[in-house]
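# Overview (structure and organization)
The residues making up each chain are set out below.
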Amino acid sequence: MGKKIKKETEPPPKDVFDPLTIESKKAATVVLMLNSPEEEILAKACEAIYRFALKGEENKASLLELGAVEPVTKLLTHEDKTVRRNATMIFGILSSNNDVKKLLRELDVMNSVIALLAPEEEVVIHEFASLCLANMSAEYTSKVQIFEHGGLEPLIRLLSSPDPDVKKNSIECIYNLVQDFQCRATFPELNAIPSILELLKSEYPIIQLLALKTLGVIANDKESRAMLRDNQGMDHLIKILETKELNDLHIEVLSVVANCLEDMDTVVLIQQTGGLKKLLTFAENSTIPDIQKNAAKAITIAAYNPENRKLFHEQEVEKCLVALLSSESDGTKIAASQAISAMCENSGSKEFFNHQGIPQLIQLLKSDNEEVREAAALALANLTTCNPANANAAAEADGIDPLINILSSKRDGAIVNAATVLTNMAMQEALRVNIQNHDVMRALISPLRSTNTRVQSKAALTIAATACDAEARTELRNAGGLEPLVELLRSKNDEVRRNASWAVMVCASDELTATELCKFRALDILEEVNLSVSRKNKFSEAAYNKLLNNHLPLKYSQTGYLSSSNIISDGFYDYGRINPGTKLLPLKDLCLQEPSDLRAVILVNNKSSDISPPPSMEDRSSDIGCGRSISSSSSFRRTSKEKASAGFGSPTEEKSEPSSGRNTAVSKSATKEKGSRKVRGKKEEEKVKEEEEVTTVSKNIGEGSPEKEWYPPSDPDFCVYVCEVTKSILPISNIKEQIEALAEYVAEKMGGAIPKEKLQDFSWELHISELKFQLKSNVVPIGQIKKGIFYHRALLFKALADKIGIGCSLVRGEYGRAWNEVKLMNESLKGVTGGLPPPEIYIVDLMFQPGRLIKLRSREADLYRFL
């Protein structure tokens, strides 16, 4: 055999680089390797970076600073599967860092990541691509990008993946996406509900939880609820509730059920399958507070539907809710109270809670938790609305005191609800008195000053309901509540303005309160409001008219009308007609003016003696036109009228007028018994008393006051008129004869009867001018006028009629005309109509044939008024 010759190895080509193995210990070096064209280096570099990023948030931040994100982005679309897979793994880990998320949004990588969800990609790529999207979808901008790039559909497809991590990441991303209404709106088209329901069977609790959370959100959409029902979704949910081992999911299941119960068909379905009864039993027997809370929320949401309330009532849901009120959890108490509020729309439920529930709610009003108190007050507000029995039950459970305490709460909702309950209670007189005894007026002042319009509105409404008695109005006045109430009249909110006007109307029922309201410019504000078509309302007009009843000079000047219930008192003056918005000067200012060419101001003043007595509270208010001092008979009539109109009524009630004629307070028999002697004796006693007051006040003024107090000009002649008609006309028993006698008396004092043809020759203007010159003032006392025309005589007739209790109205016409209207029974119709006939209205002739009564709707009446 020949000798073997050793074969020599061929040297490598000269143009090929020899393999080099490098061991790097710096992340920066590996990041540089991401730009290598070699697939093996790229794969190993990505793997190394992935392991480095897994170690913590600091490493993720370091990679961001080293600029690793941008080169990795390019590798997401690399041809090599290994490189693409490792790059995706890096993104799945890095995307949990907020700074990385921000950079990824700027680099616009969503399209590339979503492409990795394609079916042909590996499961690992699906896992980390879906993880990246789940992390990114936590922010709104990223949600929009994922949705716009069509990411929702591939994510839904991945819900059927065999890999649990892919399912978990996909459902988490979907849950984040459906928070946006646009994604939620397109959800039914993608038929995702069957896949989500399948996830409820998963062995992994986190997947089940995320699936329930997603169902809870999409169940807000009507179409999704229908799909959930059609796919037997409620059966899946009820089964979970029946499984004790899945009690960690019960809270979320109840949230889904709550939203589903908004759908009537779903409620019927649950009720037919017995699921509704199971749900209520489950809520009542559970010991987990959050489960009880969510069960109550489910009932609340469903109970907004009338048919659902009916079904719930048939299932005796009220017992369950009352039981939940006793829970130790504040959240459960709140939810149960809210459910009771919703169920109150059902009359049967309201009746049930009258016997059970109201005492428990009253106890919750004393809770230290403000939210609990607010929810309990809301339930009571709904329970007592239009239900006197429940209002009584709340009062019997000692609810008034805690309700008033809530008026000082820091939560506006609690104040609103408590005020509503008190208003509902105050509809009953017995409860209203009880509320007033708890110092409610003082407690309402703070809500009146609130900046919340709902609080302002309810506080004003509560005052309107509780200020129906003089004592309550006095309490409100003394507590300083009128000023903030008047300020609410300026509110731009319609409801606040309406309720404030209502309250002012009620408060103006007594003179002292009306005077105080006028001091705070309530009349001016209401007049301004009523001039606006958009701001005025029936209550603002009624409140204005009610205040005008305590400011008769302004009322007569503006409206040209005084009703039989508007009693002219000392200090009244007729300035003449003024336009709305024009200010009426006080009597003092008018008296201090020099005489001018303006129309004379006619004054009515019954204060006799040379030294005017000090004004009473009523007379002092004459500066603003609210003064009123009347005789005993007319005072009694006015008081009776106020009592009738001082209720918590509508503005239409304010318009009603009592029938005119002799007042029932001054009976015929009593008048005959007393006679003129007793009347004169009484007046002498009053005069002595007044003189004593004058002496005392004059002494005080001389000692301590540097300025003399001003009094209206006296009118001795008018005082004589009052005495004479009281002596001669008051004792007449027949009302018609009284009116005729008074008309003749007035005409006699004002120049006698004037034939129509001689009316132009009646020189009353010269007479008035002479009086103005003599008095050096435009203000002329009515008793000094001896030649009076229509409006002088009508005013004198009204003033004297009010003194002796004859009911009549005063109406101003055009061109110096004015007349009095009286109501009389038609004696010829008595017994014919089967009862008392309706009164007829007559005009009293004071000019042509004094004492003649002219039917209002007749040609003669038109001639008297207009020609």
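Residues numbered from 1 in each chain as written. Predicted model: local features only at pLDDT ≥ 70, side-chain atom pairs only at ≥ 80, totals over all residues. Heavy atoms only, no water.

Going by the annotation in an unreviewed UniProt entry, the name recorded for the protein chain is Armadillo repeat containing 3, with Rhinolophus ferrumequinum given as the source organism.

## Details of the overall build of the protein chain
Each helix and strand in the protein chain was counted, giving 49 helices and eight strands. Put simply, the protein chain has 867 residues, and 53% of those count as buried. Working note: accessible area of the protein chain is about 41,500 Å², and carbon and sulfur atoms make up 50% of it. (Helix = DSSP H or I, 4+ residues; strand = E, 2+ residues; numbered from the N terminus. Buried < 20%, exposed > 50% of the residue type's maximum accessible area, 1.4 Å probe, protein only. Areas by Shrake-Rupley, 256 points an atom, 1.4 Å probe, with all protein chains shown as cover.)

## Concerning the sheet that holds strand E2 (residues 572–574)
Taken together, three strands build an open sheet; the order of strands is E2-E3-E4 and the sheet is mixed. Two strands lie at the open edges of the sheet, namely E2 and strand E4 (779–781), each paired on one side alone. Going across the sheet, the axis of each strand differs from the next one's by a mean of 30 degrees, ignoring polarity. Both strand E3 (residues 601–604) and E4 contribute to a ladder of three bridges, which runs parallel. Opposite isoleucine 602, over in E4, you have valine 780 as the bridge partner. (Pairing = 2+ DSSP bridges. Axes fitted to C-alpha atoms, helices over the stretch in contact; angles between N-to-C directions.)

## Examining the packing of helix H2 (residues 39–54) against helix H5 (residues 81–94)
Axis separation between H2 and H5 bottoms out at 9 Å; the angle between their running directions is 20 degrees. Classed by the angle they form, the pair H2 and H5 counts as roughly parallel. For the pair H2 and H5, the sense of crossing is left-handed. Of the residues in H5, those in contact with Glu39, Leu42, Ala43, Cys46, Glu47, Ile49, Tyr50, Ala53 and Leu54 of H2 are Thr82, Val83, Asn86, Ala87, Met89, Ile90, Ile93 and Leu94. The class makeup of the residues in the contact of H2 with H5 is 13 nonpolar, two polar and two charged. (Parallel < 35°, antiparallel > 145°, perpendicular 65-115°, else oblique. Left-handed = near helix turned anticlockwise from the far one by under 90°. Contact = heavy atoms within 4.5 Å. Nonpolar A, V, L, I, M, F, W, Y, C, P; charged D, E, K, R; others polar.)

## With respect to the UniProt feature "repeat: ARM" (unreviewed entry) in the protein chain
Taking the numbering used here, the UniProt-annotated feature "repeat: ARM" (unreviewed entry) corresponds to residues 150–177, 356–384 and 480–504. As annotated, residues 150–177 comprises 71% helix and 0% strand, and the C-alpha atoms at either end are separated by 12 Å. Spanning residues 356–384, this segment combines 76% helix with 0% strand, and its end C-alpha atoms are found 14 Å apart. (UniProt positions renumbered as here; feature names shortened; annotations may be inferred.)

## Here's the deal with the packing of helix H23 (residues 330–343) against helix H26 (residues 370–384)
Interhelical geometry of H23 versus H26 gives an angle of 15 degrees and a closest axis separation of 8 Å. The angle between the axes of H23 and H26 places the two elements in the roughly parallel class. The chirality of how H23 crosses H26 is left-handed. When H23 is examined against H26, the residues Asp330, Ile334, Ser337, Ile340 and Ser341 are found in contact with a partner set consisting of Glu371, Val372, Ala375, Ala376, Leu378, Ala379, Asn382 and Leu383. A class-by-class count of the residues in the contact of H23 with H26 yields eight nonpolar, three polar and two charged.

## Describing unusual backbone geometry
Phi is positive for cysteine 386, which is not a glycine, with a value near 55 degrees. Along the chain, cysteine 386 turns up in the loop between H26 and helix H27 (388–396). With a relative accessible area of 77%, cysteine 386 lands in the exposed category. With a phi close to 55 degrees, tyrosine 815 is a non-glycine residue in the positive phi region. Note on placement: tyrosine 815 falls in the loop between strand E5 (809–812) and strand E6 (818–824). Relative accessible area serves as the criterion here: at 80%, tyrosine 815 is assigned to the exposed category.

## Remarks on the environment of alanine 443
With respect to the helices and strands, the residue alanine 443 is situated in helix H31 (residues 440–448). Every residue in contact with alanine 443, bar those within four places of it in the chain, is listed here: Ile404 and Leu407.

## Brief notes about the pattern of salt bridges
Two side chains with opposite charge may pair up if their charged atoms get near one another. Counting across every chain of the model gives 34 salt bridges. The shortest N-O distance in the salt bridge between arginine 84 and glutamate 121 comes to 3.5 Å. Of this pair, arginine 84 sits in helix H5 while glutamate 121 sits in the loop between helix H7 (110–115) and helix H8 (123–136), and the two are 37 residues apart along the sequence. Grouping residues by exposure puts arginine 84 and glutamate 121 together as buried. (Salt bridge = Lys/Arg side-chain N within 4 Å of Asp/Glu carboxyl O.)

## Remarks on helix H49 (residues 859–866)
Along H49, the positions that sit buried rather than exposed are Ala861, Tyr864 and Arg865. All buried residues of H49 fall inside an arc of 90 degrees around its axis, so they share one side. Summarising the geometry of H49, the exposed residues directed more than 90 degrees from the buried face are Arg859 and Phe866. Considering only its buried residues, H49 is in contact with helix H48 (790–804), E6, strand E7 (840–844) and strand E8 (853–855). (Arc of directions from axis to C-beta.)

## Concerning the side chain of glutamine 315
Tracing the backbone through its elements, the reader meets glutamine 315 in the loop between helix H21 (306–314) and helix H22 (317–324). Of the residues examined, glutamine 315 reaches a relative accessible area of 16% and is grouped as buried. Each residue touching glutamine 315, except ones within four places of it in the same chain, is listed here: Gln271, Leu276, Lys277 and Leu280.

## Here's the deal with the pairing of E6
In terms of burial, E6 is a largely internal element, six of the seven residues being buried. One ladder, built from four bridges, connects E5 with E6; its direction is antiparallel. Counted as the bridge partner of leucine 810 is asparagine 820 from E6. Between E5 and E6, which follow one another and run antiparallel, lie five residues, and tyrosine 815 among them has a positive phi close to 55 degrees.

## As for the packing of aromatic side chains
One pass over the structure, following the stated rule, counts nine aromatic pairs. Consider the rings of tyrosine 721 and tyrosine 745, whose centres lie 5.9 Å apart with planes at 90 degrees: the pair is edge-to-face. Here tyrosine 721, found in helix H45 (residues 716–728), pairs with tyrosine 745, found in helix H46 (residues 735–749); they are 24 residues apart in sequence, far enough to count as distant. Taken together, a centroid distance of 6.1 Å and an interplanar angle of 90 degrees make the contact between tryptophan 764 and tyrosine 791 edge-to-face. Here the residue tryptophan 764 occupies a position in helix H47 (residues 764–775), and tyrosine 791 occupies one in helix H48, the gap between them amounting to 27 residues. Residues tryptophan 764 and tyrosine 791 agree in their burial class; the two are buried. Grouping aromatic residues by their ring pairs yields a cluster made of Phe790, Phe848 and Tyr864. Between the NZ or CZ atom of lysine 756 and the centre of the ring of phenylalanine 848, over which it lies, the distance is 5.4 Å. The ring of tyrosine 556 is capped by arginine 812, whose NZ or CZ atom sits 4.0 Å from the centre of that ring. (Phe/Tyr/Trp six-rings, centres within 6.5 Å; stacked < 30°, edge-to-face > 60°. Lys NZ or Arg CZ within 6 Å of the ring centre and 35° of its normal.)

## What about the sheet that holds E6?
Spatially, the five strands line up as an open sheet ordered E1-E5-E6-E7-E8, and their pairing is antiparallel. Strands at the two margins of the open sheet, each flanked by one partner only, are strand E1 (561–562) and E8. Here E1 runs beside E5; their pairing, made up of two bridges, is antiparallel. Within the sheet, the bridge partner assigned to tyrosine 561 lies in E5 and is valine 811. Each of E6, E7 and E8 touches H46; the most contacted strand, E6, lies at about 165 degrees to it. Relative to the sheet, H48 contacts E1, E5, E6 and E7, its axis offset from that of E6 by approximately 40 degrees.

## Points about the nonpolar core
Counting residues in each nonpolar core, the largest one holds 203 residues, and the members touching the most others are Met425 and Leu547. Among the elements that make up this core, the one with the highest residue count is helix H29 (residues 412–426) (nine residues). When residues no more than four places from it in sequence are discounted, the contact partners of methionine 425 are Ala391, Ala394, Ala395, Ile400, Leu403, Leu431, Arg432 and Ile435. Ranked by size, the runner-up nonpolar core spans 59 residues in total, among them Leu800, Ala801, Ile804 and Leu810. (Core = buried A, V, L, I, M, F, W, Y, C linked by side-chain atoms within 4.5 Å.)

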